[in-house]
4 protein chains.
Amino acid sequence: MTNPTTLAVRSELTYDVGLTASFAFAVAAARTDSQHIVEETVTLTPALPFELVSFGEGGTHQLIRVEVEPGWFTLAYDAVVEVHPNPTDPTLLPETPFREVPADLLPYLNPSRYCESDKMYDLVGRLFGEIEPGYARVQAVSDWVTSELTYAAGSTDASSGTADVLLQRAGVCRDFAHVGISLCRALGVPARYVSGYGKGVEPQDFHGVFEAYMGGLWWIFDPTGMVAINDFVRIGYGRDAADASFATFVGQAMLTDKTVQVTRLDQ
Amino acid sequence: MTNPTTLAVRSELTYDVGLTASFAFAVAAARTDSQHIVEETVTLTPALPFELVSFGEGGTHQLIRVEVEPGWFTLAYDAVVEVHPNPTDPTLLPETPFREVPADLLPYLNPSRYCESDKMYDLVGRLFGEIEPGYARVQAVSDWVTSELTYAAGSTDASSGTADVLLQRAGVCRDFAHVGISLCRALGVPARYVSGYGKGVEPQDFHGVFEAYMGGLWWIFDPTGMVAINDFVRIGYGRDAADASFATFVGQAMLTDKTVQVTRLDQ
Amino acid sequence: MTNPTTLAVRSELTYDVGLTASFAFAVAAARTDSQHIVEETVTLTPALPFELVSFGEGGTHQLIRVEVEPGWFTLAYDAVVEVHPNPTDPTLLPETPFREVPADLLPYLNPSRYCESDKMYDLVGRLFGEIEPGYARVQAVSDWVTSELTYAAGSTDASSGTADVLLQRAGVCRDFAHVGISLCRALGVPARYVSGYGKGVEPQDFHGVFEAYMGGLWWIFDPTGMVAINDFVRIGYGRDAADASFATFVGQAMLTDKTVQVTRLDQ
Amino acid sequence: MTNPTTLAVRSELTYDVGLTASFAFAVAAARTDSQHIVEETVTLTPALPFELVSFGEGGTHQLIRVEVEPGWFTLAYDAVVEVHPNPTDPTLLPETPFREVPADLLPYLNPSRYCESDKMYDLVGRLFGEIEPGYARVQAVSDWVTSELTYAAGSTDASSGTADVLLQRAGVCRDFAHVGISLCRALGVPARYVSGYGKGVEPQDFHGVFEAYMGGLWWIFDPTGMVAINDFVRIGYGRDAADASFATFVGQAMLTDKTVQVTRLDQ
């Protein structure tokens, strides 16, 4: 896991804009310690001025903001990214006790729109109460999600939260991540949603995974089992998928085409 | 299981009535093939005229309807009931195929207020898909509820449905019954809620269980495990607990006292 | 409103059946006092034996039950129906006080899967508390639904209940009916869902309305405003749309085509 | 509104701690431009070491973190706070267009645990679509909440969100705030929850209001109408009440007593 991998990622989004629309796209790779952007191109058609805005802790994440006139509009994002997985082996890592969770991360213990962790204390006690706290327990959470949910495109929609997903036992990547996040929070482990480009997603689309905070770092888990950690390029993050849409806009616009590509360059 | 048992049951409900109230009480034992009412007394204080109204299939069930003026009001119901459990052993009974479910029982396959069975097809496939249809599968459903839920007074309220209960994995008897009903319906087994007097309920109160329809009969299951079949005196039934409140009224009244007693006479 | 109208109705449903499936279709016109079936044809392709089963109060309603082998399967239902609207003018009708609601109709005061009336007492107090109980108040309920909801195909799905619909203020006919039912029940008026053929539904499909019980009769209301009472042929009824699907089946089958036609013959 | 007011606030929380518990209390007044802390005392009984931790934007807010051994434990917080209301009159302020909302505030447009704004676009269109965007429109939102909800202690619980509250039209201060936040977000106005001490809350307790972001500042609204802006001392803030509990802890502890006092000193 110590060798970096190099991935070429590309997304192309086409909109039919009816009334002047103001967009914030979260499609650009984040600039973090573990991922180095070798090259990066944003192509707008028609050519329009845009802003690349940093946000998040340390300004590591990037939004593309652009105002678009009525008509057809395409945003293409291309990048080559070097992914450096965490150098240390986390498997024996303990969880971070509540008293050591930094104040600014405490909100990642709270329930959010799609993660009703406040109702799940008994459930996590039953499922994971016997497991020693630590990285292995969070791995058990992720494994439970993998084994208990069926990946089924179209089984959920934009309003489906953890309660819905657990009842029907089916969902897509965002639902898998939400269940993982909810279980972690109910166990007292800060957890958040991460969006990105994942090699191996079938059919290829943006991907969603979750991160749990242990030992002063955030650790990625993909309960869908579709993507290896070093095949994942992170874009954005948040409390849950509500914070990590690939596009948010005000105005009138309809997404008419979306393609996502992820290629491993070093193989 | 072939010997009848004899149970003395008593309930006493006291209300502070603010404005003239019209009540329908479902506290009287049903007059079915399997339960014979040896004696029965309804005592109203103050003494008021009341109606004992039959309802349900074959008029087997009884409602006490009464109009009450402002002031204190107590209804006491006492009965001695002989309970004859089903004479045949159901354990090898097959389930009833959809084509043989009588038209008037088809609604018991549908979701209801507290039983969102329409969202649980994947879940029952995962949990019970490998088990041969039949009485033993419904018993497995009931056993699953017994083992997966914690009985905890106060953990739910009047608005809690199966989705809530499964998320928090805790509830009271009505919640256990609702989960059982929902799982049965999702499996294609007609199921309904039954209220009654159960010996062994701790603390003693009215009890709620569920029935599943197989082989032309309804069979009782108590997933709380608190009450033996021949220690249960049925009162009412319905789609779920919404149909089987011990009291419904219009007007202004507050329940100030409730006691329920169940005693085995033949031991 | 005293002259009967004559309507020709037709529905055609085509399924791709994967594994032997057992169907119960609720597409046949009911045989009630207010609707007379002049002629009626059920055509199955391939030709298969079927049962026409009566159900409901007085056996007035009809289910078509049929077992289907794998392959393509089409059910066509054609009927000419004479609709006799209620002879009396209901507009001055009082509501039925709780004490006079027959025991077997009390369940229509209870919440159901898509009608969470148990949470809406304050809301109906605010909205309709100043209006004198009676037919006019239920008409006000229906009018409120008409004016407060937007009819929007695709805005809801099979799991949407009254709470969802009121939050988003949009839905289709079944949602309009559910909101009307919920408001009535919260006001103490027994209410139920009715499915049928309605002339004027755009695009033409099966239709859903609601009925409220007053003065010993059930009265129809269509809060979508799309269908006149004497242009509506009733099929089935129930607590809510969960009880009134045009088709229920067990097995593996996919609806591939559905057409519904309603024509006025007497004009 | 330009003269500062001076308020003495006090809260006292007593816990029966069963197992060593780690607490984070959000009861201390925030140190912002508009509120100056004249004096402040934290008293723990038994005396225990604690940390006063800054968090939030600019480190303006304060958490009290403390580890507590089994037994009785009381935290008392006393402060005298000078509140300087915003110097400018906001009433003619325009809303902030999406393109000018800072990237780090975009999450305040997203739905959260108790604020399902993603389902309320049609509703806000109906209710506020005719009103010119601006401070007056947000005031109209707050006024609508005031007039459409009934303040009723006990009508909601910790799991009640905006959908529940709008259905039942009753709630407490946190529910009023949640509805206001949800409506603002659906209108495209960033909104957040603020907890604090409010003079006039009856019965006196911690209070919850909401803030809307316009013209580069956050503006407070109290849809309960109980507290004037300059009689409110802010403690914490967040997406919704999930982020602003007065106490969060891990371990075993039961709140046995809570008193809150707010007194105006300059009158």
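Analysis parameters
- Along each chain, residue indices are assigned from 1 in the same order as the chain's sequence is written.
- All chains are assigned letters beginning with A, and all ligands numbers beginning with 1, in the order in which they are written.
- The model is predicted, so local features are restricted to residues of pLDDT at least 70 and side-chain atom pairs to those at 80 or more, both for listing and for counting; the totals for chains, interfaces and linings are taken over all residues.
- Side-chain measures were taken over the full set of non-hydrogen atoms in the model, leaving aside hydrogen atoms and water.
- For helices the rule is a DSSP run of H or I covering at least 4 residues; for strands it is a run of E covering at least 2, with both sets numbered from the N terminus onward.
- C-alpha atoms define the radius of gyration, and 2.2 Å times the number of residues to the power 0.38 defines the globule rule.
- Think of it in three bands: residues with accessible area under 20% of the maximum for their type are buried, residues over 50% are exposed, and the middle band is partly exposed, with areas taken using a 1.4 Å probe on protein chains only.
- Only the protein chains shown count as covering a residue, and every accessible area follows the Shrake-Rupley method with a 1.4 Å probe.
- We treat Lys and Arg as the positive residues and Asp and Glu as the negative residues; His and chain ends play no part in the count.
- The atom standing in for a charge is NZ when the residue is Lys, CZ when it is Arg, CG when it is Asp and CD when it is Glu.
- Taking the helix axis as origin, the arc is that swept by the directions to the C-beta atoms.
- In what follows, residue pairs with any heavy atoms lying within 4.5 Å of each other are defined as contacts.
- In this comparison the copies share one frame, found by least squares on the C-alpha atoms of residues holding pLDDT of at least 70 in both.
- Using protein atoms alone on a 1 Å grid, points that fit a 1.4 Å probe yet trap it form a cavity, whereas open point sets bounded by protein on both sides within 12 Å along at least five of seven lines form a pocket; residues with an atom within 4 Å of a point count as lining.
- Grid points are joined across faces, edges and corners, and a volume is the space filled by probe spheres set on the points.
- Think of it as three bins: nonpolar holds Ala, Val, Leu, Ile, Met, Phe, Trp, Tyr, Cys and Pro, charged holds Asp, Glu, Lys and Arg, and polar takes everything else, Gly as well.
- Between Lys or Arg on one side and Asp or Glu on the other, a salt bridge is scored when a side-chain nitrogen of the former is within 4 Å of a carboxyl oxygen of the latter.
- Two strands pair under a simple rule: DSSP has to find at least two bridges between them.
- Under this scheme, a helix contributes an axis fitted over its contacting stretch, all axes are lines through C-alpha atoms, and angles between N-to-C directions fall in the 0 to 180 degree range.
- Any pair of N or O atoms that falls within 3.5 Å is considered a polar contact. Within protein, one atom must be able to donate a hydrogen and the other to accept it, and sequence-neighbouring residues count only if both atoms are side-chain atoms.
- Under the convention used throughout, the expected extent of a helix is 1.5 Å for every residue step, that is, one less than its residue count.
- Cysteine sulfurs are considered disulfide-paired once they come within 2.5 Å of each other.

1. Quick notes on the overall build of chain A
Part 1 of the argument: For chain A, the count of helices and strands is four helices and 12 strands.
Part 2 of the argument: For a compact globule of 267 residues, the expected C-alpha radius of gyration is about 18 Å, and chain A comes in at 19 Å, within 12% of that figure.
Part 3 of the argument: Taking the principal axes of its C-alpha atoms as reference, chain A extends roughly 60 × 40 × 35 Å.
Part 4 of the argument: Per-residue burial for chain A yields a buried fraction of 58% across its 267 residues.
Part 5 of the argument: Here chain A has roughly 10,500 Å² of accessible surface; of this, 52% comes from carbon and sulfur atoms.
Part 6 of the argument: Each charge class in chain A was averaged separately, 17 positive and 34 negative side chains, and the resulting centres sit 4 Å apart.

2. With respect to helix α1 (residues 121-128) of chain A
Part 1 of the argument: Of all the residues in α1 of chain A, the buried ones are Leu123, Val124 and Phe128 of chain A. All buried residues of α1 of chain A project into a common sector of 90° when viewed along the axis, lining one side.
Part 2 of the argument: Each element contacted by the buried residues of α1 of chain A is listed here: α2 (135-148), α3 (162-168) and α4 (173-186) of chain A together with α3 (162-168) of chain B.

3. Structural notes on the relation of the copies chain B and chain A
Part 1 of the argument: In the superposition of chain B on chain A (RMSD 0.0 Å, axial shift 0.0 Å), the rotation amounts to 180°. Here the two chains are linked by the operation of a two-fold rotation axis. Proximity to the rotation axis, assessed at the C-alpha, singles out Ala163 of chain B in chain B; its C-alpha lies 3.4 Å from the axis.
Part 2 of the argument: Taken together, the interface assignments show that 100% of the residues at the interface of chain B recur at the interface of chain A, consistent with an identical surface on both copies.

4. Brief notes about the relation of the copies chain D and chain A
Part 1 of the argument: Taken as rigid bodies, chain D and chain A are interconverted by a rotation of 180° and an axial shift of 0.0 Å, the fit giving an RMSD of 0.0 Å.
Part 2 of the argument: Comparing interface residues between copies, 100% of those in chain D also lie at the interface in chain A; the contact surface is shared.

5. Quick notes on the environment of Thr256 of chain A
Part 1 of the argument: Looking at the secondary structure, you find Thr256 of chain A in strand β12 (residues 247-264).
Part 2 of the argument: For the pair Thr256 of chain A and Thr6 of chain A, spaced 250 residues apart in sequence, the C-alpha to C-alpha distance is 30 Å.

6. Focus: empty space enclosed by the protein
Part 1 of the argument: Tallied over the full model, the rule gives six cavities of 30 Å³ or more.
Part 2 of the argument: Of the pockets and cavities examined, the largest cavity occupies roughly 100 Å³.
Part 3 of the argument: If you trace the largest cavity, you find it lined by Leu123, Trp144, Ala163, Leu166, Leu167 and Arg169 of chain A together with Leu123, Trp144, Ala163, Leu166, Leu167 and Arg169 of chain B.
Part 4 of the argument: Residues belonging to the lining of the largest cavity are distributed by class as follows: 10 nonpolar, no polar and two charged.
Part 5 of the argument: By volume, the second largest cavity is sized at about 80 Å³.
Part 6 of the argument: For the second largest cavity, the full set of lining residues is Leu123, Trp144, Ala163, Leu166, Leu167 and Arg169 of chain C together with Leu123, Trp144, Ala163, Leu166, Leu167 and Arg169 of chain D.
Part 7 of the argument: Of all the secondary structure elements, the ones that give two or more residues to the lining of the second largest cavity are α3 (162-168) of chain C together with α3 (162-168) of chain D.

7. Examining the pattern of salt bridges
Residue and element names in this part refer to chain A.
Part 1 of the argument: The final tally for this structure, using the stated rule, is 52 salt bridges over all chains.
Part 2 of the argument: Between Asp205 and Lys258 there is a salt bridge, with the nearest N and O atoms lying 3.1 Å from each other. Of the two residues, Asp205 is situated in the loop between β8 (191-198) and β9 (206-214) and Lys258 in strand β12; the sequence distance between them amounts to 53 residues.
Part 3 of the argument: What makes Lys258 partly exposed here is its relative accessible area of 32%.
Part 4 of the argument: Overlapping salt bridges bring together Arg10, Glu12 and Asp78 as one network.

8. Some points on the sheet that holds strand β10 (residues 217-221) of chain D
All names here are of chain D.
Part 1 of the argument: Spatial strand order, β10-β9-β8-β11: four strands in an open sheet with antiparallel pairing. Where the open sheet ends on each side, the last strands, each with one partner, are β10 and β11 (232-238). For this sheet the average axis-to-axis angle between neighbouring strands, irrespective of direction, equals 40°.

9. Thoughts on the interface of chain B and chain A
Part 1 of the argument: Listed by partner, the interface residues are 17 residues for chain B and 17 residues for chain A.
Part 2 of the argument: Put simply, chain B and chain A have two salt bridges between them.
Part 3 of the argument: The interface formed by chain B and chain A contains eight residue pairs in polar contact (both at pLDDT 80 or more).
Part 4 of the argument: Where the side of chain B that touches chain A is concerned, the elements lending two or more residues are α1 (121-128), α2 (135-148) and α3 of chain B.
Part 5 of the argument: In terms of residue count, the dominant contributor to the side of chain B that touches chain A is α3 of chain B (five residues).

10. Looking at α2 of chain B
Residue and element names in this part refer to chain B.
Part 1 of the argument: In a regular helix each residue adds 1.5 Å, so 14 residues correspond to 20 Å; α2 covers 20 Å between its end C-alpha atoms and thus fits that length.
Part 2 of the argument: Listed as buried for α2 are Tyr135, Arg137, Val138, Ala140, Val141, Ser142, Trp144 and Val145.
Part 3 of the argument: Where α2 is buried, its residues contact α1, α3, α4 (173-187), β9 (206-214) and β10 (217-221).

11. Looking at the state of the cysteines
Part 1 of the argument: Inspection of every chain in the model, using the stated rule, returns zero disulfides over all chains.
Part 2 of the argument: A disulfide-free cysteine, Cys173 of chain A has its sulfur positioned 13 Å from the sulfur of Cys115 of chain A, the nearest such atom.
Part 3 of the argument: Owing to a relative accessible area of 10%, Cys173 of chain A belongs among the buried residues under this scheme.
Part 4 of the argument: Cysteine Cys115 of chain D shares no disulfide, and the gap to the nearest cysteine sulfur, in Cys184 of chain D, comes to 10 Å.
Part 5 of the argument: For Cys115 of chain D, a relative accessible area of 0% gives the class buried.

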